[in-house]
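Below are the chains, spelled out letter by letter.
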Amino acid sequence: LILVALAGMAFSPIAVLADTAAQVKDCEGCHGNNGVSEWSDVPTIAGISAGVHGDYLLSYKDKSRPCTKSKYRQGDTKRPETDMCSAAAKLSEADIEALAAHFSAKPFKAAKQTVDAAKAAAGKTIHARDCEKCHEGNGRKADADASILAGQWMPYLTTEMNAFVAGKRPQ
């Protein structure tokens, strides 16, 4: 009877929440508190829809998205560099669902950065022509089944757009 009770504890909601809390903390080591990045080469993951977030984690898990090494920016910064493919490889489908739900429920906060008005105007035209069909609401709509573009760090977006144009990453 005691073994049955102990076995049941391993699969209890409390155990799942503890695992998710540890995974969230690990994600925040690179993506910032509540998934809001303070670093220009790391995207904010807060507020991105659960479906999109889950799809991204699955694509990292199957290595169909590029996985660049990155240092942990907070918490235990002495940990070795990691990448999203390595991080996602450890996740079960339930983990992915839990993390996607967690971060999608957090508010997206635009990066505080300077913007060149002329480039922004040119970008608005390009967005309307090439991006709006997926990244609706001028790239601000979280539930558009595409990631939030407006307010992401420009250096991160530049890297990702270059990889997309070069065919090194899917949409």
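Everything in this summary refers to the structure shown in the same document.

So, how was this worked out
Residue positions within a chain follow its written sequence, with the count starting from 1. Under the rules for a predicted model, residues below a pLDDT of 70 receive no local features and side-chain atom pairs below 80 are neither given nor counted, while totals for whole chains, interfaces and linings still include all residues. To get the side-chain values, all heavy atoms of the structure are used, and hydrogens and water are removed first. Think of it this way: any DSSP run of H or I at least four residues long counts as a helix, any run of E at least two long counts as a strand, and we number them from the N terminus. Throughout this description, buried means an accessible area under 20% of the type-specific maximum (1.4 Å probe, protein chains only), exposed means over 50%, and partly exposed covers the range between. A contact between two residues is defined here by any heavy atoms of the two lying within 4.5 Å. Working definition of accessibility: Shrake-Rupley area with a 1.4 Å probe, residue cover restricted to the visible protein chains. Aromatic rings from Phe, Tyr and Trp, taking only the six-membered ring of Trp, are treated as a pair when their centres fall within 6.5 Å; an angle between ring planes under 30 degrees marks them as stacked, one over 60 as edge-to-face, and anything in between as tilted. Any Lys NZ or Arg CZ that is within 6 Å of a ring centre and within 35 degrees of that ring's normal is treated as a charge sitting over the ring. For a helix, the expected span equals 1.5 Å multiplied by the number of residues minus one. By definition, the arc is the one covered by directions from the helix axis to the C-beta atoms. For the purposes of this section, nonpolar cores are sets of buried Ala, Val, Leu, Ile, Met, Phe, Trp, Tyr and Cys residues that join through side-chain atoms within 4.5 Å.

### Some remarks on the overall build of the chain
Across its full length, the chain holds 8 helices and 0 strands. The burial tally for the chain puts 34% of its 171 residues in the buried class. Of the contacts formed within the chain by residues at least 6 apart in sequence, a portion of 64% connects residues at least 24 apart. Split by element, the accessible area of the chain, about 10,700 Å² in all, is 60% carbon and sulfur.

### Side note on the packing of aromatic side chains
Pairs of aromatic rings are described using the distance from one ring centre to the other and the angle between the two planes. Summed over the entire model, instances satisfying the criterion amount to 0 aromatic pairs. Note that R65 overlies the ring of Y56, its terminal NZ or CZ placed 4.3 Å from the centroid. In this arrangement the basic side chain of R79 is found over the ring face of Y72, its NZ or CZ atom lying 3.4 Å from the centre.

### Points about helix 5 (residues 93-104)
Here helix 5 spans 16 Å end to end across 12 residues, near enough to the 16 Å set by a 1.5 Å rise per residue. The set of residues buried in helix 5 consists of D95, I96, L99, A100 and F103. For helix 5, the arc enclosing every buried residue in end-on projection is 125°, short of the 170-degree limit, so these residues lie on one face. Those residues of helix 5 that are exposed and angled more than 90 degrees off the buried face are E93, A94 and E97.

### Thoughts on unusual backbone geometry
Even without being a glycine, N34 presents a positive backbone phi close to 60°. Overall, N34 belongs to the partly exposed group, its relative accessible area being 37%. The phi angle at N138 is positive, at roughly 60°, despite the residue not being glycine. For N138, the position within the fold is in helix 7 (residues 136-139).

### Section: the nonpolar core
The nonpolar side chains of soluble globular proteins are, as a tendency, buried together. Within the largest apolar cluster, 7 residues are counted, these being V24, I45, L57, L91, I96, L99 and F103. The element best represented in this core is helix 5, accounting for 3 residues. Apart from the residues lying within four places of it in its own chain, the contact partners of V24 are L99, H102 and F103. By size, the runner-up hydrophobic cluster in this structure holds 5 residues, among which are A111, W153, Y156 and L157.

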